[in-house]
Amino acid sequence: MSILNIAVVGAGTMGNGIAQVFAMHGFDVKLADVSEPALHKGLAAIRNSLARMAKKGSIAEADIAGILARIHPTTLLAELADRDLVVEAATENPAIKESIFRELGSVVRPDAILATNTSSISLTRIAAWVPQPERVVGMHFMNPVPLMQLVEIIRAIQTADHTYQKVFELAVALGKTPVTVKDGPGFVSNRILMPMINEAAFALFENLATAEDIDTVMKLGMNHPIGPLALADLIGLDTCLSIMDILHTEFRDSKYRACPLLVQLVAAGQLGRKSGKGFYHYD
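This is a predicted model, so every value here is computed, not measured.

Cut-offs and rules
Residues numbered from 1 in each chain as written. Predicted model: local features only at pLDDT ≥ 70, side-chain atom pairs only at ≥ 80, totals over all residues. Heavy atoms only, no water. Helix = DSSP H or I, 4+ residues; strand = E, 2+ residues; numbered from the N terminus. Rg over C-alpha atoms; globule rule 2.2 N^0.38 Å. Buried < 20%, exposed > 50% of the residue type's maximum accessible area, 1.4 Å probe, protein only. Areas by Shrake-Rupley, 256 points an atom, 1.4 Å probe, with all protein chains shown as cover. Lys, Arg positive; Asp, Glu negative; His and termini not counted. Charge placed at Lys NZ, Arg CZ, Asp CG, Glu CD. Phe/Tyr/Trp six-rings, centres within 6.5 Å; stacked < 30°, edge-to-face > 60°. Core = buried A, V, L, I, M, F, W, Y, C linked by side-chain atoms within 4.5 Å. UniProt positions renumbered as here; feature names shortened; annotations may be inferred. Contact = heavy atoms within 4.5 Å. Pairing = 2+ DSSP bridges. Axes fitted to C-alpha atoms, helices over the stretch in contact; angles between N-to-C directions. Parallel < 35°, antiparallel > 145°, perpendicular 65-115°, else oblique. Nonpolar A, V, L, I, M, F, W, Y, C, P; charged D, E, K, R; others polar. Salt bridge = Lys/Arg side-chain N within 4 Å of Asp/Glu carboxyl O. Disulfide = S-S within 2.5 Å.

Draft legend 1. Spatial organisation of the overall build of the protein. When helices and strands are counted, the protein shows eleven helices and eight strands. Expected size for 283 residues packed as a compact globule is a radius of gyration near 19 Å; at 19 Å, the protein falls within 12% of this value. Burial statistics for the protein: of 283 residues in total, 49% are counted as buried. Total accessible area on the protein is roughly 13,100 Å²; 56% of this is exposed by carbon and sulfur atoms. In the protein, the 25 positive side-chain charges and the 29 negative ones have mean positions that sit 2 Å from each other.

Quick look at the structure:
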């Protein structure tokens, strides 16, 4: 099966970035979300991203209209029945993802590949939610998707070799660097990254230094391009907390206990850049 028609479920930060990258490489993309406002916001983010790329000379301004024309918004998962590949990029909540995959399993073709951009939830668990679980695979893109090169390709126990090979080759065709990862909590990227972010939150919680100074230590001392607290704000503190909770539950190890400050900020709705306030304030 050739992969020509793509669907992305979820028009948030990751979903609209994934849709943009597929459309930039000539694929026909249906972008699905639960509401029209969410779709409008996602499409606006894509337009803004393309405009920034054109301003920097990464793409030609004349190409923007064609890229946008390849993205078709919808609020109905039933309209994804003709897709060769569906990439789920909804919020990192197992119950939400299960609902999506069970519906997808009943509406898409039995030979369509079902991928997920989950950053921490077991692929083996997700694959069990659909008929033909051998077609389920993880495609974990990094944020911001149009700029970051890595894609973790995660195999469930059930994932067929041909499913894995198709998405690996597809990631290469998108100009990404795919890395194969076994199914495990947090995979590789978030197994390492999220405890570091959580420890930075503890350092702030314990008043060891200001947020700015904690980030400066990591940028200048460890040569990181962005500090862990600023990165957490970029990812979304709710997403960081969800991943830490999953690591804590799966490993049953107290070293993955979420920092109380992270829990408090999420409870207050201070989720980072997307809410205007997190560890930092944003205009």
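Having seen the model, we can carry on.
Draft legend 2. Main features of the packing of aromatic side chains. Considering all chains together, one arrives at three aromatic pairs under this definition. For the ring pair F22 and F27, a centre distance of 5.5 Å and an interplane angle of 85 degrees mean the geometry is edge-to-face. F27 carries the same exposure label as F22, and that label is buried. Ring geometry for F251 against Y256: centres 5.0 Å apart, planes inclined by 25 degrees, an arrangement best described as stacked. For Y256, a relative accessible area of 4% corresponds to the buried category.

Draft legend 3. Geometry of the nonpolar core. The biggest cluster of nonpolar side chains holds 39 residues, and the ones touching the most others in it are F22, V29, L31, L85 and F141. Grouped together as the second largest cluster of nonpolar side chains are 29 residues, A201, L237, L265 and Y280 included.

Draft legend 4. Quick look at the UniProt feature "binding site: NAD(+)" (unreviewed entry) in the protein. Under the local residue numbering, the UniProt record ascribes the feature "binding site: NAD(+)" (unreviewed entry) to G10, A11, G12, T13, M14, G15, D33, E92, K97, S119, N143 and K274. In this structure, G15 sits in helix α1 (residues 13–24). In this structure G15 comes out as buried when scored by relative accessible area, which is 0%. Contact partners of G15, with chain neighbours within four places excluded, come to V8, G10, L31 and A89. Within the secondary structure, N143 sits in the loop between β6 (136–141) and β7 (150–155). For N143, the residues in contact, after removing those within four places along its chain, are T13, M14, M148, L234 and I235.

Draft legend 5. Representation of the sheet that holds strand β4 (residues 85–88) in the model. Spatial strand order, β3-β2-β1-β4-β5-β6-β7-β8: eight strands in an open sheet with mixed pairing. Each having just a single partner strand, β3 (71–74) and β8 (177–182) make up the two edges of the open sheet. Mean inter-strand twist for the sheet, computed between neighbouring axes without regard to direction, equals 25 degrees. Bridge analysis of strand β1 (residues 5–9) against strand β2 (residues 28–32) gives five bridges, and the strand direction is parallel. Bridging from a neighbouring strand, A7 pairs with K30 of β2. Of the strands in this sheet, β1, β2, β3, β4 and β6 touch α1, which is tilted by about 170 degrees from β2.

Draft legend 6. Here's a closer look at the packing of helix α7 (residues 189–205) against helix α11 (residues 260–267). Where α7 meets α11, the axes come as close as 8 Å, and the angle between the chain directions of the two elements is 90 degrees. By the angle between their directions, the pair α7 and α11 is classed as roughly perpendicular. Along its contact with α7, which presents N198, A201, F202, L204 and F205, the element α11 presents P260, L261 and L262. When its residues are assigned to classes, the contact of α7 with α11 shows seven nonpolar, one polar and no charged.

Draft legend 7. Quick peek at the pattern of salt bridges. What the rule picks out here adds up to ten salt bridges. For the salt bridge of D28 with R83, the shortest nitrogen-to-oxygen distance reads 2.9 Å. Remark: R83 occurs in the loop between β3 and β4 and D28 occurs in strand β2; sequence separation between them is 55 residues. By relative accessible area, which is 25% here, D28 ends up partly exposed. Between R102 and E98 there is a salt bridge, with its nearest N and O atoms 2.9 Å apart. With R102 and E98 both in helix α4 (residues 94–107) and four residues apart, the pair spans about one turn of that helix. We classify E98 as partly exposed; its relative accessible area is 26%. Ionic contacts of the salt-bridge type, sharing partners, join the residues D28, K30, D82 and R83 into one network.

Draft legend 8. Highlighting the state of the cysteines. Applying the stated rule across the entire model yields zero disulfides. Among the cysteines around C259, which has no disulfide bond, C240 carries the closest sulfur, lying 12 Å off.

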